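# Results of the structural survey
This is what each chain is made of:
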Amino acid sequence: MKTNFFIYILLLLAYLIFVQTAKAENIHFNNDIYNLKVSNALELDKGYENEYFPANETKNNWNKMIGIYYYPEISNPLKFASQKDEEIEKRETVALLKYIENKKQDKALLSFLENGEANGKKYFEYNIYKYEKHPDKGTMVLRYAKKYFFKTNAEITKIGHEVKGINDDLLEQLIITPIPPIVEKIME
């Protein structure tokens, strides 16, 4: 009897380990589950990208997403983030919300709101990027993005208040969130 019980416990542990491994292509963030749907090599930057979306969304049709990007040739995440900050500030369709650097930890955070249009619908795309050193070589970037569609000025005001209210909280969440490792496989 004790042997059977021990075998059942061992099988249960093996099953739980397998389930955790199989779900490594999921990310849980801010009470949502994101599934890996894009995994590509970045030829220009010699890096890699993974993009995660909720179950019913895709790269071409999404409202929320998590991106993980690896740039092995970029050794200074603070300089890289600063360059992105400067690029964003020059664009007319973008409003910079916050740029934060932590030189001791070699990390930076950047949040902004970008105006866009898809299929005749206007939206604001809220983005937060976290830049940090890769443990071995290069820079890792974690991105959280959400689209807010609108039709009226009242909706624009409501979106502005919502983003203002959640921006600091999401920045804090991303600061403490470890960047998951890149999954190197080609997605269809």
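The text that follows walks through the structure, step by step, so that each part is easy to find.

The rules behind each value
Residues numbered from 1 in each chain as written. Predicted model: local features only at pLDDT ≥ 70, side-chain atom pairs only at ≥ 80, totals over all residues. Heavy atoms only, no water. Buried < 20%, exposed > 50% of the residue type's maximum accessible area, 1.4 Å probe, protein only. Helix = DSSP H or I, 4+ residues; strand = E, 2+ residues; numbered from the N terminus. Pairing = 2+ DSSP bridges. Phe/Tyr/Trp six-rings, centres within 6.5 Å; stacked < 30°, edge-to-face > 60°. Core = buried A, V, L, I, M, F, W, Y, C linked by side-chain atoms within 4.5 Å. Polar contact = N/O pair within 3.5 Å; in protein donor to acceptor, adjacent residues only side chain to side chain. Contact = heavy atoms within 4.5 Å. Expected span 1.5 Å × (residues − 1). Arc of directions from axis to C-beta.

### Notes on the pairing of strand β4 (residues 64–71)
Burial runs high along β4: seven of the eight residues are buried. When β4 meets strand β8 (residues 139–150), the two strands line up antiparallel, connected through eight bridges. Bridging from a neighbouring strand, M65 pairs with A145 of β8.

### So, the pairing of strand β1 (residues 26–29)
Along β1, the buried face is formed by I27 and F29; none of N26 and H28, which line the opposite face, is buried. Connecting β1 to the next strand, strand β2 (residues 32–42), in antiparallel fashion are two residues, including N30 with a positive phi near 55°.

### So, the packing of aromatic side chains
Aromatic ring pairs are reported here in terms of the distance separating the ring centres and the angle at which the planes meet. Here the structure, examined in full by the defined rule, presents nine aromatic pairs. Between F29 and Y144 the ring centres are 5.3 Å apart and the planes differ by 55°, which places this aromatic pair in the tilted class. Residue F29 is found in strand β1, and its partner Y144 is found in strand β8; the two are separated by 115 residues along the sequence. For the pair F29 and Y144, one class covers both residues: buried. Pairing F124 with F150 gives two aromatic rings, centres 4.8 Å apart and planes at 25°, and the pair type is stacked. Placement of the pair is F124 in strand β7 (residues 121–133) and F150 in strand β8, with a sequence separation of 26 residues. You'll find F124 and F150 in the same group, each marked buried. Here the aromatic cluster, defined as three or more aromatic residues joined through ring pairs, consists of Y71, F80, F112, Y129 and Y131.

### What about the nonpolar core?
Residues F29, Y52, I66, I68, Y126 and Y144 are the most contacted members of the largest nonpolar core, which totals 27 residues. Counting only elements with at least two residues in this core, the list comes to β1, β2, β3 (47–53), β4, β6 (107–118), β7, β8 and α3 (153–176). Counting 19 residues, the second largest nonpolar core, distinct from the first, contains L42, F53, A81 and A108.

### Points about the environment of D168
Structurally, D168 can be placed in helix α3. By relative accessible area, which is 37% here, D168 ends up partly exposed. The sequence separation of D168 and L97 amounts to 71 residues, and the corresponding C-alpha distance is 9.8 Å. Among the polar contacts made by the side chain of D168, one reaches the side chain of K98 at a distance of 2.5 Å.

### Things to note about the environment of F150
For F150, a relative accessible area of 11% translates into the label buried. Expressed as a C-alpha distance, the spacing of F150 and K121, which sit 29 residues apart in the sequence, is 7.5 Å. Beyond its immediate stretch of four places on either side in the chain, F150 contacts N115, K122, Y123, F124, E155, I156 and I159.

### Comments concerning the side chain of N50
For N50, the location among the structural elements is in strand β3. One polar contact links N50 to S39, side chain to side chain, over a distance of 3.1 Å. Those residues in contact with N50, other than ones at most four positions away along the chain, are L36, V38, S39, I66, G67, I68, P181, I182 and V183.

### Observations regarding helix α2 (residues 77–90)
Taking 1.5 Å of rise per residue, 14 residues should cover 20 Å, and α2 covers 20 Å from first to last C-alpha, within 8% of that figure. Taken together, the buried positions of α2 are occupied by P77, L78, F80, A81, D85 and I88. All buried residues of α2 project into a common sector of 160° when viewed along the axis, lining one side. Exposed residues lying more than 90 degrees from the buried face of α2 are K79 and K90. Taking the backbone nitrogen of L78 as reference, a side-chain oxygen 3.0 Å away marks N76 as the first, capping residue of α2.

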